Amino acid sequence: MSRPPEPAFSRPAQPEMRAVSRTDLALEAASIGAFELDMVTDRLWWSDKTYALLGFEPGPGEPDKDAFRARIVPEDLAEANRRFAEQLARRAPHLSTSFRYRLPDRGERSMANHLGLEYAADGRPLRCYGIVLDVTEQVAVQAQLKTAHDSFRKMADAMPQLVWTAEDDGRISYYNARLALYHGDGADGDAWAWQPRIHPQDIDATLAAWDAARAAGGLYSHEHRLRMADGGYRWHLSRAELVEGADGAARWYGTATDIHELKLAEERQRLLVAELDHRVKNSLALVQAMAHQTFKGAEVPAGPRRAFSDRLGAMAAAHDTLTRTRWDGAALAEIVRESVGGAGAAAGRILASGPEVTLAPMRTVPIAMALHELCTNAVKYGALSTEAGEVHVSWRVDDAGAVELEWREQGGPPVAPPTRRGFGSMMIERAIAHQLGGETRLDFRADGVCCCIRLPADAGARP
Amino acid sequence: MSAALAGKRILVVEDEFLISLLAMDMLEELGAVGVGPAATVSEGLQLLEADQVDAAMLDVNLGGTRSDSLADALRARGIPFMLASGYGDAAGGGEPVLGKPYDLPRLQAMLEVLLG
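The structure contained in this document is the topic of the report that follows.

Calculation rules
- Residues numbered from 1 in each chain as written.
- Chains lettered and ligands numbered in written order.
- Predicted model: local features only at pLDDT ≥ 70, side-chain atom pairs only at ≥ 80, totals over all residues.
- Heavy atoms only, no water.
- Helix = DSSP H or I, 4+ residues; strand = E, 2+ residues; numbered from the N terminus.
- Buried < 20%, exposed > 50% of the residue type's maximum accessible area, 1.4 Å probe, protein only.
- Contact = heavy atoms within 4.5 Å.
- Areas by Shrake-Rupley, 256 points an atom, 1.4 Å probe, with all protein chains shown as cover.
- Phe/Tyr/Trp six-rings, centres within 6.5 Å; stacked < 30°, edge-to-face > 60°.
- Pairing = 2+ DSSP bridges.
- Axes fitted to C-alpha atoms, helices over the stretch in contact; angles between N-to-C directions.
- Core = buried A, V, L, I, M, F, W, Y, C linked by side-chain atoms within 4.5 Å.
- Buried area = accessible area lost by both parts, 1.4 Å probe.
- Salt bridge = Lys/Arg side-chain N within 4 Å of Asp/Glu carboxyl O.
- Polar contact = N/O pair within 3.5 Å; in protein donor to acceptor, adjacent residues only side chain to side chain.
- Nonpolar A, V, L, I, M, F, W, Y, C, P; charged D, E, K, R; others polar.
- Parallel < 35°, antiparallel > 145°, perpendicular 65-115°, else oblique.
- Left-handed = near helix turned anticlockwise from the far one by under 90°.

Quick notes on the overall build of chain A
Then step 1. Along chain A, the regular secondary structure elements total 11 helices and 17 strands.
Then step 2. A buried classification covers 38% of the 463 residues belonging to chain A.
Then step 3. If you take every contact in chain A between residues at least 6 apart in sequence, the share linking residues at least 24 apart comes to 53%.
Then step 4. Summing over all exposed atoms, chain A offers an accessible surface of approximately 25800 Å²; the carbon and sulfur share of this is 56%.

Quick look at the packing of aromatic side chains
All names here are of chain A.
Then step 1. Using the criterion set out here, one finds 11 aromatic pairs over all chains in the structure.
Then step 2. Judged by centre distance (5.5 Å) and plane angle (80 degrees), the rings of W46 and F68 are edge-to-face. With a gap of 22 residues between them, W46 in strand β2 (residues 43–46) and F68 in helix α3 (residues 65–70) connect regions that are remote in the sequence.
Then step 3. Classification of W46 by relative accessible area gives buried; the value is 4%.
Then step 4. Look at F99 and Y101: their rings are 6.2 Å apart centre to centre, the planes differ by 70 degrees, and that puts the pair in the edge-to-face class.

Quick word on the sheet that holds strand β6 (residues 162–166) of chain A
Residues and elements named next belong to chain A.
Then step 1. Pairing in this open sheet of 5 strands is antiparallel, and the strands run β7-β6-β10-β9-β8 from one edge to the other. The sheet is open, and its two borders are formed by β7 (172–175) and β8 (219–227), each paired with just one other strand. In this sheet, neighbouring strand axes are inclined to one another by 25 degrees on average, regardless of whether the strands run parallel or antiparallel.
Then step 2. Relative to β7, β6 runs antiparallel, the two being bridged by 3 bridges. Looking across to β7, one finds that T165 is bridged to Y174.
Then step 3. Contacts from helix α6 (residues 203–216) reach β8 and β10 (250–258) within the one sheet, and its direction differs from that of β8 by about 160 degrees.

Here we look at the sheet that holds strand β6 (residues 81–85) of chain B
Residues and elements named next belong to chain B.
Then step 1. Taken together, the 5 strands give an open sheet; going across it, the order is β2-β1-β3-β6-β7, and neighbouring strands pair in parallel fashion. Of all strands in the sheet, those bounded by a partner on one side alone are β2 (33–38) and β7 (97–99). With direction set aside, neighbouring strand axes in the sheet form an average angle of 25 degrees.
Then step 2. Examined bridge by bridge, strand β1 (residues 9–13) and strand β3 (residues 55–59) share 4 bridges and lie parallel to one another. Its bridge partner being in β3, V13 is matched across the sheet by L58.
Then step 3. Helix α1 (residues 17–29) rests against β1, β2 and β3 of the sheet, and its axis sits at about 170 degrees to β2.
Then step 4. Packed on one face of the sheet, helix α4 (residues 104–115) meets β1, β3, β6 and β7 and runs near 150 degrees to β6.

Considerations on the nonpolar core
Then step 1. Of all hydrophobic cores here, the largest spans 40 residues; its most connected members are L332(A), I350(A), I367(A), L371(A), V393(A), W407(A) and L455(A).
Then step 2. Of all the elements, helix α10 (residues 361–380) of chain A adds the most residues to this core, at 9 residues.
Then step 3. Formed by 24 residues, the second largest nonpolar core is a distinct cluster that contains A285(A), A289(A), M26(B) and M57(B).

Quick notes on the pairing of strand β1 (residues 32–38) of chain A
Residues and elements named next belong to chain A.
Then step 1. Counted residue by residue, β1 has 6 buried out of 7 residues, so it is predominantly covered.
Then step 2. Bridging between β1 and strand β5 (residues 125–134) involves 7 bridges; their strand directions are antiparallel. The residue of β5 that forms the bridge with G33 is V132.
Then step 3. Across 4 bridges, β1 lies against β2 in antiparallel orientation. Residue pairing in the sheet places L37 in a bridge with L44 of β2.
Then step 4. As consecutive antiparallel partners, β1 and β2 are separated by 4 residues, and within that stretch D42 has a phi angle of approximately 65 degrees, a positive value.

As for the interface of chain B and chain A
Then step 1. Across the boundary between the two partners, chain B contributes 16 residues, which contact 22 residues of chain A.
Then step 2. When chain B packs against chain A, the two sides together hide about 1600 Å² of surface, and 58% of this comes from carbon and sulfur.
Then step 3. Where chain B touches chain A, the interface holds 1 salt bridge.
Then step 4. Linking chain B with chain A are 5 residue pairs in polar contact (both at pLDDT 80 or more), by the criterion used here.
Then step 5. Here the element with the most residues in the side of chain B that touches chain A is α1(B); it accounts for 6 residues.
Then step 6. Its residues assigned to classes, the side of chain B that touches chain A shows 9 nonpolar, 3 polar and 4 charged.

Observations regarding the packing of helix α7 (residues 260–297) of chain A against α1(B)
Then step 1. Two elements in contact, α7(A) and α1(B), have axes whose closest approach is 8 Å; the angle formed by their N-to-C orientations is 60 degrees. With respect to each other, α7(A) and α1(B) are oriented oblique. Here α7(A) runs over α1(B); the crossing is left-handed. Across the interface between the two elements, N282(A), A285(A), L286(A), Q288(A), A289(A), M290(A), H292(A), Q293(A) and K296(A) of α7(A) pack against L18(B), I19(B), L21(B), L22(B), D25(B) and M26(B) of α1(B).
Then step 2. A per-class count over the contact of α7(A) with α1(B) returns 9 nonpolar, 4 polar and 2 charged.

Rendered as structure tokens:
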């Protein structure tokens, strides 16, 4: 193959031959092309690798500058020429440029070149030499990274929360754009510090929760008030997880969600439930007082009056239990304890046992009323009418989720079945079947009253 | 009847008329003597000035006004009292709370502790 004579710098004298060969080999191995332009004669030389990278066959003459330039994306060529002329005007010794280059068989590639410039003493450019390399893959990776980063920022900024990351020691390393809602004109001093934003009354608990989360190395979750840019405080749920990054360093990835309205609604609801409870019980007290006056005038004996008052009391106690649990349903053990209050000192001989069961609110009152009637009967005629009798109240939940409750009296006087069914047995036997779809079996066994109540699984019940 | 309560003078402060009568009757049933009933803080204060009172039943909420000032007056005189309230947890100065509707044995037990 006949080639134009190579420029002097790459046609070395014998002693330098080996070193130059190593350079050529290294460039070849690295897929880096070399070139040189004699700016006095305008003669251009390309290494074989340069020909290959730029998609030309080495020919007998010089490289075809026009064909080469035609493959450069026009605006990139214009920009490269502009910068080249600029460097020459400044007598600058180096220039690095990049350009998009259309290879006929491989489409558009990204090329980079780095070149050196030599000048004569009077400033005329003499020589330009350098390397060219294909950086398409690197450029693509960088573009992907930029896109991913940009996409993350946009996503984080679109979140309705303050999004943040912190180093393991709690120093914040990132906030999303929502920081502006909290950061008022640098009034904080350090806009990135989170501790000064927390309400003074909440800071100790927050630090304790943060320290506990750091010690456990896992999840941080805490509710507190944060100061907004206008100086007012709003309730937030702060939550973060410690996650190890690709660099091996663990960082906290967190959010602060504004739950202020939710908190206020909770408080309003709490007050409302308390007010409702107050009104319910005040109404019951009025009914009690009205009945008292009515019965007094009609000379109703003390027994029925007392029974009526106690029943109202049992109903009020059941409401109390519901209010304490904010109408989420009451623990069966608590209902049993509340319902047998009428036993007075004998309540100690009512032995309750069973697993943790929560009764839905609508089940609470009928069960409490039935237990109250059983207890009243036991005090009057049954096991609690003697000094030694006992009542065993036990319950279990079967596989189907049904609750079985047993009231079993022992040690009392011999039991005779009642001659007529009164209010008590009505509440025990019929109310539960009617209102709760349950089954009741009330046995007046000679050795003690035994009552079994079975409640079907409640669809809304919590175990 | 309760021997410990016989003849004891108990101030009743309750704005709801029928409930106040019930409280008076329950006290009578226990052998005590109801003083009042007072429906407002000022009526209660007047009765405190004019009458001898051994203990008091004080409704927390009197027609929308809290009865705290009357509670302070009772404390200042060293007169033991219980708070009557439909609220499950009436905030007070550690005084016992009698829930509504009233329970006679509970009322008796509380009065016996207060006067004991």
